[in-house]
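# Descriptive structure summary
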Amino acid sequence: MRFYDLIFLALSTLIRYPLRTIMLLVATSIGVMAVILLTAVGEGARDYITGEFRDMGTNLIIVIPGKNETSGGGSPVDLAGVTPRDLTIEDAISLRKIDGVKNIAPIVIGETSAQFNGLERNVPIIGSTQSFLSVRKWEMETGMFLPGSTLERSPPVCVIGKEVEKELFGGSNAIGQWLRLGDRRCRVTGIIGTEGRAVGIDVQKLVVVPVSLATALFNRPSLFRIAVEAENRLVGDQIIKDMKKILKKRHRGKEDFTVIRQDAVMASFDNIFNVLTMALGSIASISLFVAGILIMNVMLVAVSQRQSEIGLLKAIGAKNKQINQLFITEAILLSGSGAILGLILGHSITQVLKISFPTFNFLPPLWASYVSLIVALMSGVIFGLLPARRASKLDPVIALSGNK
Amino acid sequence: MIRIENLSRKFEVGNQIVRALDHIDLEITKGEYISIMGVSGSGKSTLLNILGLLDTPTKGDYILSGINTSEMNDDEMAHIRSTKIGFVFQSFHLIPRLTAAENIEMPMVLAGIKPKDRQEKVEIALSHVSLNDRSDHKPEQLSGGQRQRVAIARSIVMEPDVLLADEPTGNLDSTSGIEIVRLIEDLNKAGLTLIVVTHDRKLGNRSDRLIRLLDGKIINDNVK
Ligand SMILES: Nc1ncnc2c1ncn2[C@@H]1O[C@H](COP(=O)(O)OP(=O)(O)OP(=O)(O)O)[C@@H](O)[C@H]1O
Ligand SMILES: [Mg+2]
């Protein structure tokens, strides 16, 4: 029997029983869709957590207030909540004398109202220094970022995201204008060109001010974290040692802060989320096997319903192998087209989710599509084997007298 | 061409043994036209199924074209069914989702013949049974007589040596029954060996040779 004849015959049966075919297609496609969606969530979560780190320079060391008891491998997100003793601008200044440090960017975050010309918006604020630009690898759309040496001083300047510019300044040029932030004023010196997020905030909605302006604005001296850029990777460990020594001395001998290397965090996050995504994918794959079992059951029924046809095929010269092939092909066609339908559905729904929840990035990994397709096809073959065997082993005389 | 020696076919139903065929000897030469008659349960279909290699004897030999069929495996028997034997059944056995032409094409599809060659042979077979204008019809759109003609076209499309027909007119009214009988008799005149199982005395009397079965035994074998 030729390949296209096999496909034609298998297709003709699938078309002949549309309800059954659609049911099995739906079952398989739900399984594949589940794999795509769950892995998209897993990958999205990974992207959400690590994305912020990823954009930053590679030679980055971060100091976070608070100490992880078990030391090492902890999440900085958790740690940000507990603050036994705050990190201050003075702490950041004290790190400047360490050899091999290229840039220091203390970071304060908060939120306040921004006003221009009667228009008012609540905006997220980041307080930092000029170094922040190079640490985050940001680019300016127009104008300048914060001026240098703003660690001690707080010149009344600010940089805004494009969305802030649009909402508060409309079409007019924002650069050089005075923006009111809370009870302070600042002159807009530049517009940020970079898109994406920083510490979980949409960059385009941000206002960035000198760090001391921010501490004054929020009336709170504590830093969210200190980012330190090393001259190169190799000096990183030495810098960490020096940083710990200096900060410990400043904090009355207590190590109530955590120092982490950005690349190490990235690596461990990557691992955790890889495992998570794969676990989600495997759980979803189970539904593919459920679909496979469903296909097997329906095919077993089909074999007994089509006994007389099987008998006839044998009478006109079909070999057992050919009957076998015919049923396996049906199972593969069912699971294969169900899988393709599931891929289309899964990816479309991912797109819809992306639009509905723009803050979370749904990223179905490529391997999930391949793996779910292969698993679906395999379950088609495996669960098609039994019915196909049963069909091919039918006694032709009994089959011929069987039901039509 | 066909020789059957001391052939028996038993069925075990529970602890009872049914002798569907009981020590049968039979010889059939090429081109013969044979009717098999007998009361219900006398073993006619069983004999036909064994002749068509759909069933195997429990004892005895069936020698087809000089080859003892008991030495054949499933695939070899399938090959013989494909190339040397044509079947016609009482209930037509057409595949309902395929058109008349596709049903006729089926034996060639299974034999792996190229579509181009198939097309031509389907046309010839259709014209043999005068159904060229119905080639695209599904079985449900055809009358009983037309369905049986499609089945006959299917049975001869591989140009077999033997045509085995198990009550081919059993489901037909007398007019279309006669049509079918004439059709297969014409095929016999063209050289095809024809073996017909029938209940119809008139039909049985048309053949050159009449075999009567009773309780699995040949009680009468008349050559006219
Ligand atoms: N698969 C089977 N299992 C058990 N017994 C069977 C089987 N097939 C046939 N028989 C028995 O063998 C005997 C012969 O059956 P067969 O079908 O050959 O009769 P038949 O002459 O064709 O009858 P009919 O005219 O009713 O078609 C019957 O007694 C039948 O019950
Ligand atoms: Mg019978």
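Residues numbered from 1 in each chain as written. Chains lettered and ligands numbered in written order. Predicted model: local features only at pLDDT ≥ 70, side-chain atom pairs only at ≥ 80, totals over all residues. Heavy atoms only, no water.

Of regular secondary structure, chain A possesses 13 helices and twelve strands. Computed over C-alpha atoms, the radius of gyration of chain A comes to 31 Å, more than 25% over the 22 Å expected from 2.2 N^0.38 for 404 residues, which places it beyond the range of a compact globule. Counting only C-alpha atoms, chain A reaches 100 × 50 × 30 Å along its principal axes. For chain A, the residues scored as buried account for 52% of the 404 residues in total. Across chain A, contacts joining residues at least 24 apart in sequence account for 79% of those joining residues at least 6 apart. Positive and negative side-chain charges in chain A, numbering 43 and 33 respectively, have mean positions lying 6 Å apart. (Helix = DSSP H or I, 4+ residues; strand = E, 2+ residues; numbered from the N terminus. Rg over C-alpha atoms; globule rule 2.2 N^0.38 Å. Buried < 20%, exposed > 50% of the residue type's maximum accessible area, 1.4 Å probe, protein only. Contact = heavy atoms within 4.5 Å. Lys, Arg positive; Asp, Glu negative; His and termini not counted. Charge placed at Lys NZ, Arg CZ, Asp CG, Glu CD.)

Let's shift gears to the confidence of the model for chain B. Residue and element names in this part refer to chain B. When the pLDDT values of chain B are averaged, the result is 95; 100% of them are 70 or greater. No element of chain B has a lower mean pLDDT than helix α7 (residues 201–206), which averages 91, and none a higher one than strand β8 (residues 193–197), which averages 97. For this predicted complex, the interface score ipTM comes out at 0.95, alongside a pTM of 0.73. (pLDDT = per-residue confidence, 0-100.)

Let's shift gears to the site of ligand 1. Residues and elements named next belong to chain B. Surrounding ligand 1, one finds 14 residues, the nearest of these being Ser-40, Gly-41, Lys-44, Ser-45 and Thr-46. The contact in question runs from an oxygen atom of ligand 1 to an N or O atom on the backbone of Gly-41, over 2.9 Å. A distance of 2.7 Å separates an oxygen atom of ligand 1 from a polar atom in the side chain of Ser-45. Bound to the protein, ligand 1 loses 64% of the 630 Å² it would expose on its own. At the level of secondary structure, the elements contributing two or more residues to the shell around ligand 1 comprise β1 (2–13), β2 (16–28) and α1 (44–51). (Near = heavy atom within 4 Å. Polar contact = N/O pair within 3.5 Å; in protein donor to acceptor, adjacent residues only side chain to side chain. Areas by Shrake-Rupley, 256 points an atom, 1.4 Å probe, with all protein chains shown as cover.)

All names here are of chain B. One way to put it is that helix α3 (residues 100–111) packs onto helix α5 (residues 144–156) with a least axis distance of 7 Å and a crossing angle of 30°. On the basis of their axis angle, the class for α3 and α5 is roughly parallel. Pair α3 / α5 crosses with right-handed handedness. Contact residues: α3 offers Ala-100, Asn-103, Ile-104 and Pro-107, while α5 offers Val-150, Ala-153 and Arg-154. Tallied by class, the residues present in the contact of α3 with α5 amount to five nonpolar, one polar and one charged. (Axes fitted to C-alpha atoms, helices over the stretch in contact; angles between N-to-C directions. Parallel < 35°, antiparallel > 145°, perpendicular 65-115°, else oblique. Left-handed = near helix turned anticlockwise from the far one by under 90°. Nonpolar A, V, L, I, M, F, W, Y, C, P; charged D, E, K, R; others polar.)

All names here are of chain B. The sheet built from six strands is open, its strands ordered β6-β7-β8-β3-β9-β10 with mixed pairing. Two strands lie at the open edges of the sheet, namely β6 (85–88) and β10 (217–223), each paired on one side alone. With strand direction ignored, the average angle separating the axes of adjacent strands in the sheet is 15°. Two strands pair when backbone bridges link them, and β6 and strand β7 (residues 162–166) are joined in this way by four bridges, in the parallel orientation. If you follow Ile-85 over to β7, its bridge partner there is Val-162. Along the sheet, helix α2 (residues 74–84) contacts β6 and β7; its crossing angle with β6, the most-contacted strand, is approximately 75°. (Pairing = 2+ DSSP bridges.)

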